[in-house]
Amino acid sequence: MDMLDEAAERLKDDADVKVGRRVRALRLERNLSLAELAAKAGVSIGALSQIERGMSSLRVRVIWPLAAALDIEPSALIADGNDAVNDLYCVRANSRRQIPVKSEGIAKALLSPPAATLTGMLVTVDAGGGTAEAYAHAGHEFGFVITGEVELVVDSTTYGLKTGDSFAFKSTLLHAFRNPGSEPCQILWVNTTKPSEVRDGA
């Protein structure tokens, strides 16, 4: 094999790894196990595992059923490696997933990628908005007020926080928050729980 062939082979291998990581990221975002996605796409678990690990190329006959199983366009699986798409280890600013919330005036955008142990969120609280009631769940949390002000209640104690202030507490303590100001408030909020658990309270 000459140098050109070796270079071409390396590029192919790199592309396979990137595609595999993309498939795994999409699978984890949808909370699907390897077996569940393989069954939905009609491929073997072994074949899907090899694709995710970059050990096998994503063949044309697999692209369509795999894309359908992930509920995406086939082009999303084979986009150029330089395209601004989410990955196992990064989330692009224009591709953040919104986390469903119960309370009005609160929006939560997921900042952490599928492979992350921590759940990072950009929480936006409209003026006058806040949690409908105090809630608690497993884990720990940390927050940093990026802009605006927020009134945080933890274990019946109220804290008035403004831009630049931060906080941390056990998530098992009853907590609630609201924006008492006239402008929207943004908070970088980190939980040790998964998004499905975080959204239950707010």
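Small disclaimer: the values here were computed from a predicted structure and weren't measured.

Asker: Give me the lowdown on the pattern of salt bridges, citing residues and values where you can.
Answerer: Under the defined criterion, the tally for this structure stands at 3 salt bridges. Here Arg-27 ties to Glu-52 by a salt bridge, and the two come within 2.6 Å at their closest N and O atoms. Of this pair, Arg-27 sits in helix α1 (residues 3–29) while Glu-52 sits in helix α3 (residues 45–52), placing them 25 residues apart in sequence. When sorted by exposure, Arg-27 lands in the same class as Glu-52, which is buried. Across the pair Glu-29 and Arg-30 runs a salt bridge whose closest N-O atoms are separated by 3.6 Å. Owing to a relative accessible area of 25%, Glu-29 belongs among the partly exposed residues under this scheme.

Asker: Report on helix α4 (residues 60–70), specifying residues and quantitative values.
Answerer: Within α4 the residues assigned to the buried category are Val-62, Ile-63, Leu-66, Ala-67, Ala-69 and Leu-70. The buried residues of α4 occupy an angular sector of 155° when projected down its axis, which confines them to one face. Opposite the packed face of α4, turned more than 90 degrees from it, sit the exposed residues Val-60, Arg-61, Trp-64 and Ala-68. Asp-71 lies just past α4 and shows a positive phi near 60°.

Asker: A description of the packing of aromatic side chains should follow, citing residues and the corresponding values.
Answerer: Aromatic rings in a pair are described by how distant their centres are and how their planes are angled relative to each other. For the structure on display, the rule yields 3 aromatic pairs. Here the aromatic rings of Phe-167 and Phe-169 are separated by 6.0 Å at their centres, their planes lie at 25°, and the arrangement is stacked. Considered together, Phe-167 and Phe-169 belong to a single accessibility category, that of buried residues. Between the aromatic rings of Phe-177 and Trp-189, the centroid separation amounts to 4.9 Å while the plane-to-plane angle is 45°, which identifies the pairing as tilted. Of the two residues, Phe-177 sits in strand β8 (residues 175–178) while Trp-189 sits in strand β9 (residues 185–191), which places them 12 residues apart along the sequence. Phe-177 sits in the buried class, given a relative accessible area of 3%. Given the relative accessible area of 3%, Trp-189 is considered buried. Taken together, the aromatic side chains of Phe-167, Phe-169, Phe-177 and Trp-189 make up a single cluster linked through ring pairs.

Asker: Got a sec to walk through the confidence of the model for the chain? Specific residues and values, please.
Answerer: Summing up the model confidence of the chain, the mean pLDDT is 84 and the portion of residues at 70 or higher is 84%. Across residues 1–9, where pLDDT falls below 50, the model places 1 contact with residues more than four positions away in sequence or in other chains.

Criteria and cut-off values
- Residues numbered from 1 in each chain as written.
- Predicted model: local features only at pLDDT ≥ 70, side-chain atom pairs only at ≥ 80, totals over all residues.
- Heavy atoms only, no water.
- Salt bridge = Lys/Arg side-chain N within 4 Å of Asp/Glu carboxyl O.
- Helix = DSSP H or I, 4+ residues; strand = E, 2+ residues; numbered from the N terminus.
- Buried < 20%, exposed > 50% of the residue type's maximum accessible area, 1.4 Å probe, protein only.
- Arc of directions from axis to C-beta.
- Phe/Tyr/Trp six-rings, centres within 6.5 Å; stacked < 30°, edge-to-face > 60°.
- pLDDT = per-residue confidence, 0-100.
- Contact = heavy atoms within 4.5 Å.

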